[in-house]
Amino acid sequence: MTIREFYACVGGDYEEVMSRLRSEERAARFLRMFPTDPSFESLSVVFPASEMMACGSSISKVPVSGTAPSAPLPSESSRSACPAAENEGQHPGEVSEDSLKIAFRAAHTLKGICLNLGLSRLYGSASAVTEALRAQDAALARSLMPDLRNDYGEVLEALRQLDWPLLASFRL
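Residues numbered from 1 in each chain as written. Predicted model: local features only at pLDDT ≥ 70, side-chain atom pairs only at ≥ 80, totals over all residues. Heavy atoms only, no water.

Before going further, it helps to examine the overall build of the protein chain. Scanning the protein chain from terminus to terminus reveals 10 helices and zero strands. Ordering the α and β elements of the protein chain from the N terminus gives α-α-α-α-α-α-α-α-α-α. Burial status across the protein chain gives 42% buried among its 172 residues. Taking contacts inside the protein chain between residues at least 6 apart in sequence as the whole, the part at least 24 apart equals 72%. A total accessible area of about 8,500 Å² is found for the protein chain, and carbon and sulfur atoms account for 54% of it. (Helix = DSSP H or I, 4+ residues; strand = E, 2+ residues; numbered from the N terminus. Buried < 20%, exposed > 50% of the residue type's maximum accessible area, 1.4 Å probe, protein only. Contact = heavy atoms within 4.5 Å. Areas by Shrake-Rupley, 256 points an atom, 1.4 Å probe, with all protein chains shown as cover.)

So this is what it looks like as structure tokens:
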């Protein structure tokens, strides 16, 4: 899959990205770093494992494949702790103020990364979660997470399908 095909696949804006980053080489460099950002995993602090798959979601455990060198994903020890441990003593579905702040920061960071990389569909999902968390509406944010999780998974899957051997010839 080419960079242009990648953007079409994930509901991104290839033309906008090229107008800002000026080359597919630069876009590839930043796209290769995308899976290493911990923002998506940090959102699990607010949401129970059953709603976010499990602590250490399997979405992020699968690295981008191909022959081009890719940055390693964060290790299990560097990821956020399982939310069950942090929210012990709270009622199910109840979220602490600190957890809301952490999740807001993570969602806001993910939103910004998606905007910069032209990942429009994922940006929309991240933006919706960000605004729910800005309003401190954990129930709404929780209800929006399946869309965010699906869009994030689509981006990771499309990254796996990029023609990394071709991209490896670029100076990244």
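Contact geometry for helix H7 (residues 97-117) and helix H8 (residues 120-134): axes closest at 8 Å, N-to-C directions at 155°. In terms of orientation, H7 lies roughly antiparallel with respect to H8. The handedness of the crossing between H7 and H8 is left-handed. Side by side, H7 and H8 meet where Leu-100, Ala-103, Phe-104, Ala-107, His-108, Leu-110, Lys-111, Cys-114 and Leu-115 of the first sit next to Leu-122, Tyr-123, Ala-126, Ser-127, Val-129, Thr-130, Glu-131, Leu-133 and Arg-134 of the second. In terms of residue class, the contact of H7 with H8 is built from 12 nonpolar, three polar and three charged. (Axes fitted to C-alpha atoms, helices over the stretch in contact; angles between N-to-C directions. Parallel < 35°, antiparallel > 145°, perpendicular 65-115°, else oblique. Left-handed = near helix turned anticlockwise from the far one by under 90°. Nonpolar A, V, L, I, M, F, W, Y, C, P; charged D, E, K, R; others polar.)

This part is about helix H2 (residues 14-21). Every buried residue belonging to H2 is among Tyr-14, Val-17, Met-18 and Leu-21, and all of these are buried. The buried residues of H2 occupy an angular sector of 95° when projected down its axis, which confines them to one face. Contact partners of the buried residues in H2: helix H1 (3-9), helix H3 (24-33) and H7. (Arc of directions from axis to C-beta.)

Applying the stated criterion to the full structure yields seven salt bridges. The residue Arg-4 makes a salt bridge to Glu-15 at a minimum N-O spacing of 3.0 Å. Of this pair, Arg-4 sits in helix H1 while Glu-15 sits in helix H2, and the two are 11 residues apart along the sequence. Given a relative accessible area of 47%, Glu-15 falls into the partly exposed group. The shortest N-O distance in the salt bridge between Glu-131 and Lys-111 comes to 4.0 Å. Here Glu-131 is found in helix H8, whereas its partner Lys-111 is found in helix H7, with 20 residues between them in sequence. A relative accessible area of 36% places Glu-131 in the partly exposed class. With a relative accessible area of 13%, Lys-111 lands in the buried category. Where salt bridges share partners, they join Lys-111, Glu-131 and Arg-134 into one cluster. (Salt bridge = Lys/Arg side-chain N within 4 Å of Asp/Glu carboxyl O.)

Let us now look at the packing of aromatic side chains. All told, the structure shown has four aromatic pairs when counted by the stated rule. Here Phe-6 and Tyr-7 contribute two aromatic rings whose centre-to-centre distance is 5.2 Å and whose plane-to-plane angle is 85°, an arrangement assigned as edge-to-face. One exposure class covers both Phe-6 and Tyr-7, and it is buried. Taken together, the aromatic side chains of Phe-6, Tyr-7 and Tyr-14 make up a single cluster linked through ring pairs. Looking at Arg-29, its charged tip hangs above the ring of Phe-30, at a distance of 4.8 Å from the centre. (Phe/Tyr/Trp six-rings, centres within 6.5 Å; stacked < 30°, edge-to-face > 60°. Lys NZ or Arg CZ within 6 Å of the ring centre and 35° of its normal.)

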